[in-house]
Amino acid sequence: MTEPRIRVLVVEDDPVAADAHALYVDRVPGFATVAKAHTAAEARRALDRVPVDLILLDLHLPDGHGLTLARSLRTAGHQADVIAVTSARDLAVVREGVSLGVVQYVLKPFTFATLRDRLERYAEYRTTTGEATGQDEVDRALANLRSPAPAALPKGLSAPTLERVTQALREAAPEGMTATTAAATIGISRITARRYLEHLVDADRAVRSPQYGQVGRPELMYSWK
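A brief report on the enclosed structure follows. From a predicted model like this one, the values you see are computed outputs, not experimental measurements.

Formed by 23 residues in total, the largest nonpolar core has its most connected members in L9, V11, I55, L57 and L69. Mapped by element, the contributors of at least two residues to this core are β1 (6–11), β2 (31–37), α2 (40–49), β3 (54–58), α3 (66–75), β6 (81–86) and β7 (102–107). Excluding anything up to four places from it in sequence, I55 contacts L9, V11, L47, L73, A80, D81, V82 and I83. Grouped together as the second largest cluster of nonpolar side chains are 20 residues, V10, V28, F31 and Y122 included.

This brings us to the layout of surface pockets. Rolling a probe over the atoms, with the probe sized like a water molecule, indicates the empty space that remains. Here the second largest pocket defines a volume of roughly 230 Å³. Lining the second largest pocket are 10 residues, and of these R190, R194, P218, E219 and L220 lie nearest its centre. For the lining of the second largest pocket, the elements supplying multiple residues, two or more each, are α8 (179–186), α9 (190–202) and β9 (219–224). Counting residues per element, the lining of the second largest pocket draws most heavily on β9, at 3 residues.

Our next topic: α9. The terminal C-alpha atoms of α9, which comprises 13 residues, lie 18 Å apart, in line with the 18 Å expected from a rise of 1.5 Å per residue. Looking only at α9, the buried set comprises A193, Y196, L197, E198, H199, L200 and V201. Looking at the buried side of α9, the elements it contacts are α7 (159–170), α8, β8 (206–211) and β9. Directly after α9, the chain includes D204, whose backbone phi takes a positive value near 65°.

The subject of this paragraph is the sheet that holds β3. Taken in spatial order, the 5 strands make up an open sheet running β2-β1-β3-β6-β7, and their pairing is parallel. With partners counted over all chains shown, the strands left at the sheet margins are β2 and β7, one partner each. Neighbour-to-neighbour, the strand axes of this sheet turn through a mean angle of 20°, independent of strand direction. Bridging between β6 and β7 involves 5 bridges; their strand directions are parallel. Note that in β7 the partner of T86 across the bridge is L107. Against the sheet, helix α1 (residues 15–27) touches β1, β2, β3 and β6, its axis set at about 165° to β2. Packing of α3 onto the sheet brings it into contact with β3, β6 and β7, and relative to β3 it is tilted by some 150°.

Moving on, we get to α7. An ideal rise of 1.5 Å per residue puts 16 Å on 12 residues; α7 measures up with 16 Å between its terminal C-alpha atoms. Restricting attention to buried positions, one finds in α7 the residues T161, L162, V165, T166, A168 and L169. Burial along α7 is one-sided: seen end-on, the buried residues are contained in an arc of 165°. Across α7 from its buried face, at more than 90 degrees, point the exposed residues P160, E163 and R170. The inward-facing, buried residues of α7 contact α8, α9, β8 and β9.

Once that is clear, we can look at the pairing of β3. Of all 5 residues that make up β3, 5 are buried, and the element is covered over most of its length. Burial along β3 is two-sided: L54, L56 and D58 and I55 and L57, pointing in opposite directions, are all buried. The sheet contact formed by β1 and β3 spans 4 bridges and is parallel. Bridge assignment links V11 to a residue of β3, and that residue is L57.

Let us now look at the packing of aromatic side chains. Applying the stated criterion to the full structure yields 1 aromatic pair. Arranged with centres 5.5 Å apart and planes meeting at 55°, the rings of Y24 and F112 form a pair that is tilted. Here Y24 is found in helix α1, whereas its partner F112 is found in helix α5 (residues 112–127), with 88 residues between them in sequence. By relative accessible area, which is 13% here, F112 ends up buried. Positioned above the aromatic ring of F112, the side-chain terminus of R27 is 3.8 Å from the ring centre.

The rules behind these values
- Residues numbered from 1 in each chain as written.
- Predicted model: local features only at pLDDT ≥ 70, side-chain atom pairs only at ≥ 80, totals over all residues.
- Heavy atoms only, no water.
- Core = buried A, V, L, I, M, F, W, Y, C linked by side-chain atoms within 4.5 Å.
- Buried < 20%, exposed > 50% of the residue type's maximum accessible area, 1.4 Å probe, protein only.
- Helix = DSSP H or I, 4+ residues; strand = E, 2+ residues; numbered from the N terminus.
- Contact = heavy atoms within 4.5 Å.
- 1 Å grid on protein atoms, 1.4 Å probe; cavity = no way out; pocket = protein on both sides within 12 Å on 5 of 7 lines; lining within 4 Å.
- Points joined across faces, edges and corners; volume = space filled by probe spheres on them.
- Expected span 1.5 Å × (residues − 1).
- Pairing = 2+ DSSP bridges.
- Axes fitted to C-alpha atoms, helices over the stretch in contact; angles between N-to-C directions.
- Arc of directions from axis to C-beta.
- Phe/Tyr/Trp six-rings, centres within 6.5 Å; stacked < 30°, edge-to-face > 60°.
- Lys NZ or Arg CZ within 6 Å of the ring centre and 35° of its normal.

Structure, rendered in structure tokens:
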């Protein structure tokens, strides 16, 4: 039997979540979980025991921060790459992680599709070999690793119109804009504008809230998240 090409250590303090993450990893072709650890100390012991190519690392561990673990591993000579799994959205933490070999961040909670995309991109990045002929090839190799694949749009929505709606919403006043205002700004129907605005809400890029007037039903306001 051929040994898995990319061996993964799952580090997660919650045993149920660790099992789920390991199951996700094992469902992606070319990846296999070789060990699980629930603390930083267990992770160190696992790395001394089995070869690991990639660490799926929760940043909040009971015996220390995940980046502290990553730093100590680099000092000890471990070269495994790291995909950080965290609910934190502090960009200072992201910048620190990059310097320690964190190649991707996955925000909790995440789906199998999200992790699969990150793992597949990491696999493509690892298999890129040879000498680059120029800056473009270097940029493409890094882009494959850093940029998630764009999600398919629902039927009837187009990327150019979505971009225009997104721009209008980002440039709107802090209180946001209605579908009627978006339609007038972009030059589309109110129903069409609302479909795009609702898509942005579903994608967690915008929020909606009712605006109550003196009479009639409240009007929905959309604002960039």
